[in-house]
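# Structural description and commentary
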Amino acid sequence: MKKFEDFNLKEYTKRFIAINHFTQPTPIQEETIPSALRGKDIIGLSATGSGKTHAYLIPILERINVEADSCQAVITAPTRELAAQIYEMAKVMHDVDERIRVSLYVGGQDRDKDIEKLKKQQPHIAIGTPGRIKDLFLNAGELRIDKASILVVDEADMTLEYGFLDEIDAFAGRMQEDLQMMAFSATMPDQLKPFLKKYMHHPVTFQIGEAVRFNPDITHVLIPCYHHTFAETINSILPGFQPYVCLIFANTRKEAASIAEELRKTGVSVSEIHGDLTSRQRKQSMKSIAAAENTYVVATDLAARGIDIAEVTHVISCGFPSDLEYYVHRAGRTGRAGSKGTCFALYHEEDDAAIRSLQKRGIKFEHRRFKNGNWVDLRGYGIKFQRKEDTELDRKIAMVYNNKKNTKVKPGYKKKRKNAIARIYQKKKREMIRSKIREEKKAMYKERARREREGLE
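Let us look at the structure shown here. For clarity, every value in this text was computed on a predicted model and none was experimentally measured. Residues take numbers from 1 onward in each chain, read along the sequence in its written order. pLDDT decides what is reported in this predicted model: residues at 70 or higher carry local features, side-chain atom pairs at 80 or more are listed and counted, and totals for whole chains, interfaces and linings draw on all residues regardless. The side-chain values count all of the structure's non-hydrogen atoms but skip hydrogen atoms and water molecules.

### A few points about the sheet that holds strand E9 (residues 246–250)
Which entries qualify depends on this criterion: Strand pairing follows a simple DSSP-based rule, namely that at least 2 bridges must link the two strands. Strands are runs of DSSP state E lasting at least 2 residues, helices are runs of H or I lasting at least 4, and numbering of each runs from the N terminus. Fitted lines through C-alpha atoms serve as axes, helices being fitted only where they are in contact, and the angles separating the N-to-C directions of these axes extend from 0 to 180 degrees. Here a residue-residue contact requires only that any non-hydrogen atoms of the pair lie within 4.5 Å.
Here we have eight strands laid out as an open sheet, ordered E10-E11-E9-E12-E13-E8-E14-E15, and mixed in their pairing. The sheet terminates laterally at strand E10 (270–273) and strand E15 (374–377), the two strands that pair on one side only. Mean inter-strand twist for the sheet, computed between neighbouring axes without regard to direction, equals 30°. Note: strand E14 (residues 365–371) against E15, four bridges, orientation antiparallel. Note that in E15 the partner of Phe 370 across the bridge is Trp 375. Lying over the sheet, helix H12 (residues 230–237) contacts strand E8 (218–224), E9, strand E12 (314–318), strand E13 (341–347), E14 and E15, oriented at roughly 140° with respect to E13.

Written out as structure tokens, the structure is:
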């Protein structure tokens, strides 16, 4: 495994690493930083919390010319919260060299104030949402990103999902011709590829995911909902575990809001983060999450992306997302840094295909329910109950096949074997019919006796 010393970094970059208390690069940093330092276009695929942000901040810091009064790098994020989180990490650069200027440009903050500052001085690194950066560059004409030679698109798949690629497309084509572009994401949807191909030249792709997918410290537990809702099932299992932080994933914004509301009705304190919240609600929610005010956090996959929620001991997946990679990332929010974690996967009958697909990928599910104050182990998912009679039938059919193993094969043996098996089934059918007749006669005698007792006959 490489160390940061192996990258031959400048002294102030080393100080930046030391201030962040990094000891060695994460897998995504180890793979991407050398290529980024050489100016290569990069596609970095890895889960939230894997160190993607510093995988591009470190090479950017290494390339910044503090003497130049120009914007040299642009970093976009699909939401204000993510952009603000990146900004908080990047502004530490000022501590290693006070000449480095990092600015945040997002909706909701004073646009006129941003413009006045830009008239006086350009940031070395501009971080923001695609819409606000486009506005300050193309409409206001004050953010001079046409001089920038580095463009980072963070959470690229989420940027696509939110429909912000057009905004990036509007200004990316006006940046430096030798633009170095780096895109970091958890997944790589096909719809994203044409955009990346348009701006990237022979990009190097790095995918880090197997450690999350097969993390032995994560226990996957299937929980049947039966006829109950996800919220009802969550409430039923809450007495069965004691989380430090439990992250609850819903597939839609409406579902997330509904689950949070139902949990509150039963007295559970929750934070929620999803696209249906107002800007003010999102800020309040982010503050409560950062302060760890509530043990339970309800979120959608996209809203939770990039938000680093520490000490997640349990994850609850309410059903399964259409893209099963998202389930892998849900589970990967726990069991980090050598600690153990549990992912409860709540399911209904319609989730069968998703469960079987994940089993084929190598995820081993335990199957349980919480009943009368105790966890009860259920039959392994997909293992059907086999009656004693069926087992005996299988044994007899197996005997027909095995009898031919060590004997000389004679002409017509397949037809004879087929007839022998047919006779076994025929015999079984006759036995079932006789058993049915006996049951019907017994029921008839009981009914007759009842009528006689009651004087009806």
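### Side note on the side chain of His 314
With respect to the helices and strands, His 314 occurs in strand E12. Setting aside residues up to four positions removed in sequence, His 314 forms contacts with Phe 241, Gln 242, Pro 243, Val 245, Cys 246, Leu 247, Thr 334, Thr 342 and Phe 344.

### Description of the pairing of E12
Definition in use: The rule is simple: take the accessible area with a 1.4 Å probe, protein chains only, and divide by the maximum for that residue type; under 20% is buried, over 50% is exposed, in between is partly exposed.
The buried fraction of E12 is high, at five of five residues. The alternating pattern of E12 places His 314, Ile 316 and Cys 318 and Val 315 and Ser 317 on opposite faces, both of which are buried. Sheet topology places E9 next to E12; four bridges connect them, and they run parallel. Paired with Phe 249 across the strands is Ser 317, a residue of E12. Here five bridges tie E12 to E13, and the two strands are oriented parallel to one another. Bridging from a neighbouring strand, Ile 316 pairs with Phe 344 of E13.

### Some thoughts on helix H9 (residues 165–172)
Our working definition: The arc under discussion is defined with respect to the helix axis, by the directions toward the C-beta atoms.
Among all positions in H9, only Leu 165, Ile 168, Phe 171 and Ala 172 are buried. For H9, the angular spread of buried residues about the axis comes to 135°, placing them on one side. In this structure, the buried residues of H9 make contact with strand E2 (73–76), helix H7 (130–139), strand E5 (150–154), helix H8 (156–161) and helix H10 (193–199).

### Things to note about the packing of aromatic side chains
Rule in force here: Between rings of Phe, Tyr and Trp, where Trp is taken as its six-membered ring, a pair exists when centres lie within 6.5 Å; planes separated by under 30 degrees are stacked, by over 60 edge-to-face, and by other angles tilted.
Counted by the stated rule, this structure contains 11 aromatic pairs. Centroid distance Phe 4 to Phe 22: 6.3 Å. Interplanar angle 25°. Geometry classified as stacked. With Phe 4 in the segment before helix H1 (11–19) and Phe 22 in the loop between H1 and helix H2 (27–37), this pair connects stretches of sequence that are 18 residues apart. An aromatic cluster of at least three residues, connected via ring pairs, comprises Phe 241, Phe 344, Phe 370 and Trp 375.

### So, the packing of H1 against helix H3 (residues 52–63)
Between two packed helices, the angle of one axis relative to the other and the distance separating the axes together describe the packing. Threshold: By the definition adopted for this analysis, an angle is roughly parallel if under 35 degrees, roughly antiparallel if over 145, roughly perpendicular if from 65 to 115, and oblique otherwise. Note: crossing handedness is left-handed where the near helix turns anticlockwise from the far helix by less than a right angle, and right-handed where it turns clockwise.
Relative to each other, H1 and H3 sit at 150°, their axes nearing to 9 Å. What the angle tells us is that H1 and H3 run roughly antiparallel. Seen from above, H1 lies across H3 with right-handed handedness. Contacts from Tyr 12, Thr 13, Phe 16 and Ile 17 in H1 reach His 54, Ile 58, Leu 61 and Glu 62 in H3.

### Some points on the environment of Ala 140
By the secondary structure assignment, Ala 140 is in the loop between H7 and E5. When the C-alpha atoms of Ala 140 and Ile 115 are compared, they prove to be 7.5 Å apart, with 25 residues separating the residues in sequence. If we skip the residues at most four places from it in the chain, Ala 140 touches Arg 111, Ile 115 and Asp 135.

### Focus: the packing of H2 against H3
To keep things clear, this is the line we draw: Think of it as three bins: nonpolar holds Ala, Val, Leu, Ile, Met, Phe, Trp, Tyr, Cys and Pro, charged holds Asp, Glu, Lys and Arg, and polar takes everything else, Gly as well.
Viewed as axis vectors pointing N to C, H2 and H3 meet at an angle of 25°, and their least axial separation amounts to 9 Å. Taken together, the axes of H2 and H3 are roughly parallel relative to one another. For the pair H2 and H3, the sense of crossing is right-handed. On the side of H2, the interface is formed by Ile 28, Gln 29, Thr 32, Ile 33, Ala 36 and Leu 37, while H3 contributes Lys 52, His 54, Ala 55, Ile 58, Pro 59, Glu 62 and Arg 63. The class makeup of the residues in the contact of H2 with H3 is seven nonpolar, three polar and three charged.

### Considering the nonpolar core
To be explicit about the condition: Throughout, nonpolar core names a set of buried Ala, Val, Leu, Ile, Met, Phe, Trp, Tyr and Cys residues whose side chains join them through atoms within 4.5 Å.
Among the nonpolar cores identified, the biggest contains 72 residues, and Tyr 56, Ile 60, Ile 75, Ile 125, Ile 127, Phe 320 and Phe 365 are the most heavily contacted of them. Here the element with the most residues in this core is H3; it accounts for six residues. Not counting chain neighbours up to four residues away, the residues in contact with Ile 60 comprise Ala 73, Ile 75, Ile 125, Ile 150 and Val 152. One finds Tyr 105, Leu 143, Ala 148 and Tyr 199 within the second-largest nonpolar core, a separate group that totals 30 residues.

### A word on the sheet that holds strand E1 (residues 42–45)
Taking strand neighbours across the sheet as the criterion, the seven strands line up as E3-E4-E2-E5-E6-E1-E7 in an open arrangement whose pairing is parallel. Looking at strand neighbours, the two that pair on one side only are strand E3 (102–105) and strand E7 (204–207), the edges of this open sheet. In this sheet, neighbouring strand axes are inclined to one another by 15° on average, regardless of whether the strands run parallel or antiparallel. Where E2 and strand E4 (residues 125–128) come together, four bridges link them in parallel fashion. Paired with Ala 73 across the two strands is Ile 125, which belongs to E4. Contacts between helix H4 (residues 80–90) and the sheet are confined to E2, E3, E4 and E5, with E3 contributing the most and set at about 170° to the helix.

### Concerning the pattern of salt bridges
A side chain with one charge can pair with a side chain of the opposite charge if their charged atoms come near. Filter applied, for reference: Whenever Lys or Arg places a side-chain nitrogen within 4 Å of a carboxyl oxygen from Asp or Glu, that contact is recorded as a salt bridge.
Under the defined criterion, the tally for this structure stands at 19 salt bridges. Here Arg 99 and Glu 67 are joined by a salt bridge, their closest N and O atoms 2.9 Å apart. In this pair, Arg 99 is assigned in the loop between helix H5 (93–96) and E3 and Glu 67 in the loop between H3 and E2, connecting sequence segments 32 residues apart. One salt-bridge network, in which partners are shared between bridges, spans Glu 67, Asp 97 and Arg 99.

### Some details on the pairing of strand E11 (residues 296–300)
Inclusion rule: By convention, orient the strands away from the viewer: a clockwise path from the first strand over the helix to the second makes the crossover right-handed.
With respect to burial, E11 is a largely interior element, five of its five residues being buried. Alternating positions in E11 separate into two faces, Tyr 296, Val 298 and Thr 300 on one and Val 297 and Ala 299 on the other, with burial throughout. One ladder, built from five bridges, connects E9 with E11; its direction is parallel. Its bridge partner being in E11, Leu 247 is matched across the sheet by Val 297. Examined bridge by bridge, E10 and E11 share four bridges and lie parallel to one another. Within E11, the position partnered with Ile 273 by the bridge is Ala 299. Since E10 and E11 lie parallel, the crossover through helix H14 (residues 279–290) that links them has a hand, and here it is right-handed.

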